Amino acid sequence: MRVVSVNVGLPRSVSWRRREVTTGIFKEPVEGRVPLHRLNLDGDRQADLAVHGGAAKAVYAYPLEHYAFWREQLGAELTFGAFGENLTVEGLPLEEEIAVGDRFRIGTAELVVTQPRIPCYKLGLRFGRADIPKRFLASRRSGYYLAVEAEGEVGAGDRVETLARHPARISVAEITRVYASDRDDVATIERLVALDALPEDWRRYFAKRLAAAGTATAN
């Protein structure tokens, strides 16, 4: 398991569908050791902090294994960082296996998996195609966000070491599945509400879904 590329970028203003949009989705590979802090990597920022960034979304990792699929789907070559990821990684468990709360050492930093990436329209902006967010979500190739447990430095070629696996074993893919399609899976939603490793905003969201399902059943 290793880091293939470390990618960073600062917000920029671009034209999209007849309006100006500020976005930090454009990431480019960087060389050398990069300091990793609680909220982001050096040289990296998010534009809309209401929905992006924060401690639970400090780092976005995307598996190298998904790149072949997208090259075929889009008919284009893709450079690392194409999906707005900070870390392009190889050999890590994919979304069906990696669980919220799993902890890793990457370089000299320690990180914990927090949630899947749910795409917004800015992913479509990145590729110049409005259909990309919907296709990205449907593909279940979401990648995952990580929080920084211990600050350090990371660089391309760093080995990724598993430190601990969360005992609940609720995968990133399970969250995406319940969010996007199997919305009536009450048993899984109950597990997510009780999952201490899941960020509070996700737990509140699923608690509302659970309450709505209870109301519908009662009626």
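Up top is the structure.
Small disclaimer: the values here were computed from a predicted structure and weren't measured.

Reading guide: rules and limits
Residues numbered from 1 in each chain as written. Predicted model: local features only at pLDDT ≥ 70, side-chain atom pairs only at ≥ 80, totals over all residues. Heavy atoms only, no water. Helix = DSSP H or I, 4+ residues; strand = E, 2+ residues; numbered from the N terminus. Rg over C-alpha atoms; globule rule 2.2 N^0.38 Å. Buried < 20%, exposed > 50% of the residue type's maximum accessible area, 1.4 Å probe, protein only. Contact = heavy atoms within 4.5 Å. Areas by Shrake-Rupley, 256 points an atom, 1.4 Å probe, with all protein chains shown as cover. Lys, Arg positive; Asp, Glu negative; His and termini not counted. Charge placed at Lys NZ, Arg CZ, Asp CG, Glu CD. Phe/Tyr/Trp six-rings, centres within 6.5 Å; stacked < 30°, edge-to-face > 60°. Lys NZ or Arg CZ within 6 Å of the ring centre and 35° of its normal. Arc of directions from axis to C-beta. Axes fitted to C-alpha atoms, helices over the stretch in contact; angles between N-to-C directions. Parallel < 35°, antiparallel > 145°, perpendicular 65-115°, else oblique. Left-handed = near helix turned anticlockwise from the far one by under 90°. Nonpolar A, V, L, I, M, F, W, Y, C, P; charged D, E, K, R; others polar. Pairing = 2+ DSSP bridges. Polar contact = N/O pair within 3.5 Å; in protein donor to acceptor, adjacent residues only side chain to side chain.

A.B. asks: Explain the overall build of the chain to me, please; I cannot follow it from the model alone.
C.D. replies: Secondary structure assignment for the chain yields six helices and twelve strands. For 219 residues, the compact-globule estimate of 2.2 N^0.38 gives 17 Å, and the C-alpha radius of gyration of the chain, at 17 Å, lies within 12% of that figure. Taken across its 219 residues, the chain has 46% of its residues classed as buried. Taking all contacts inside the chain whose residues are at least 6 apart in sequence as the whole, residues at least 24 apart take part in 72%. Here the chain has roughly 10400 Å² of accessible surface; of this, 50% comes from carbon and sulfur atoms. Distance between charge centres in the chain, computed from 31 positive and 30 negative side chains, equals 5 Å.

A.B. asks: Would you mind going over the packing of aromatic side chains with me for this structure?
C.D. replies: For any pair of aromatic rings, the description consists of the separation of the ring centres together with the inter-plane angle of the planes. Scanning the entire structure with this criterion turns up 17 aromatic pairs. Relative to phenylalanine 83, the ring of tryptophan 70 has its centre 5.8 Å away and its plane inclined at 50°; by these criteria the two rings are tilted. Within this pair, whereas tryptophan 70 is found in helix 1 (residues 67-74), its partner phenylalanine 83 is found in the loop between helix 1 and strand 7 (87-90), the two being separated by 13 residues in sequence. Like phenylalanine 83, tryptophan 70 is buried. Counting every residue linked through ring pairs, the aromatic cluster contains Tyr60, Tyr62, Tyr67, Phe69, Trp70, Phe80, Phe83, Phe127, Phe136 and Tyr145. The ring of tyrosine 145 has lysine 57 lying over it, and the distance from NZ or CZ to the ring centre is 5.5 Å. A cation over an aromatic ring shows up here: arginine 117 above the ring of phenylalanine 136, its NZ or CZ 5.3 Å from the ring centre.

A.B. asks: Sorry if this is basic, but what is going on with helix 1 here?
C.D. replies: Two residues of an α-helix separated by three or four positions point the same way, owing to the 3.6 residues in each turn. Where helix 1 is concerned, the buried positions are Tyr67, Trp70 and Leu74. Axial view of helix 1: buried residues confined to an arc of 65°, hence all on one face. On the buried face of helix 1, the contacting elements are strand 6 (59-63), strand 7, helix 2 (121-127) and helix 3 (132-139). Residue glycine 75 follows helix 1 closely and has a positive phi angle near 60°.

A.B. asks: Explain the packing of helix 1 against helix 3 here, please?
C.D. replies: The geometry of a pair of packed helices is captured by two quantities: the angle between their axes and the separation between those axes. One way to put it is that helix 1 packs onto helix 3 with a least axis distance of 13 Å and a crossing angle of 140°. Taken together, the axes of helix 1 and helix 3 are oblique relative to one another. The two elements helix 1 and helix 3 cross, and the hand of that crossing is right-handed. On helix 3, the residues touching Phe69, Trp70, Gln73 and Leu74 of helix 1 are Ile132, Arg135, Phe136 and Ser139. By residue class, the composition of the contact of helix 1 with helix 3 is five nonpolar, two polar and one charged.

A.B. asks: Is there a simple way to think about the pairing of strand 7 in this case?
C.D. replies: Each regular strand displays side chains that alternate between the two surfaces of the sheet. Of the strand pairs in this sheet, strand 1 (residues 2-8) and strand 7 are connected by four bridges, and their pairing is antiparallel. By the bridge assignment, valine 3 is partnered in strand 7 with valine 89. Pairing analysis gives three bridges linking strand 6 to strand 7, with the strands arranged parallel. Residue pairing for strand 7: proline 63 is matched across the bridge by valine 89.

A.B. asks: Can you help me understand the environment of glutamate 77 in this one?
C.D. replies: Mapped onto the elements, glutamate 77 comes out in the loop between helix 1 and strand 7. Taking the relative accessible area as the measure of exposure, glutamate 77 reaches 71% and is therefore exposed. Glutamate 77 sits 33 residues away from glutamate 110 along the chain, and the two C-alpha atoms are 32 Å apart.

A.B. asks: What exactly am I supposed to notice about the side chain of threonine 188 here?
C.D. replies: With respect to the secondary-structure elements, threonine 188 resides in helix 5 (residues 186-193). Within the local environment of threonine 188, its side chain forms a polar contact with the side chain of arginine 177, the two groups lying 3.4 Å apart. In this structure threonine 188 touches Glu174, Arg177 and Val178, once residues within four positions along its chain are discounted.

Just geometry here; none of it tells us what the structure is for.
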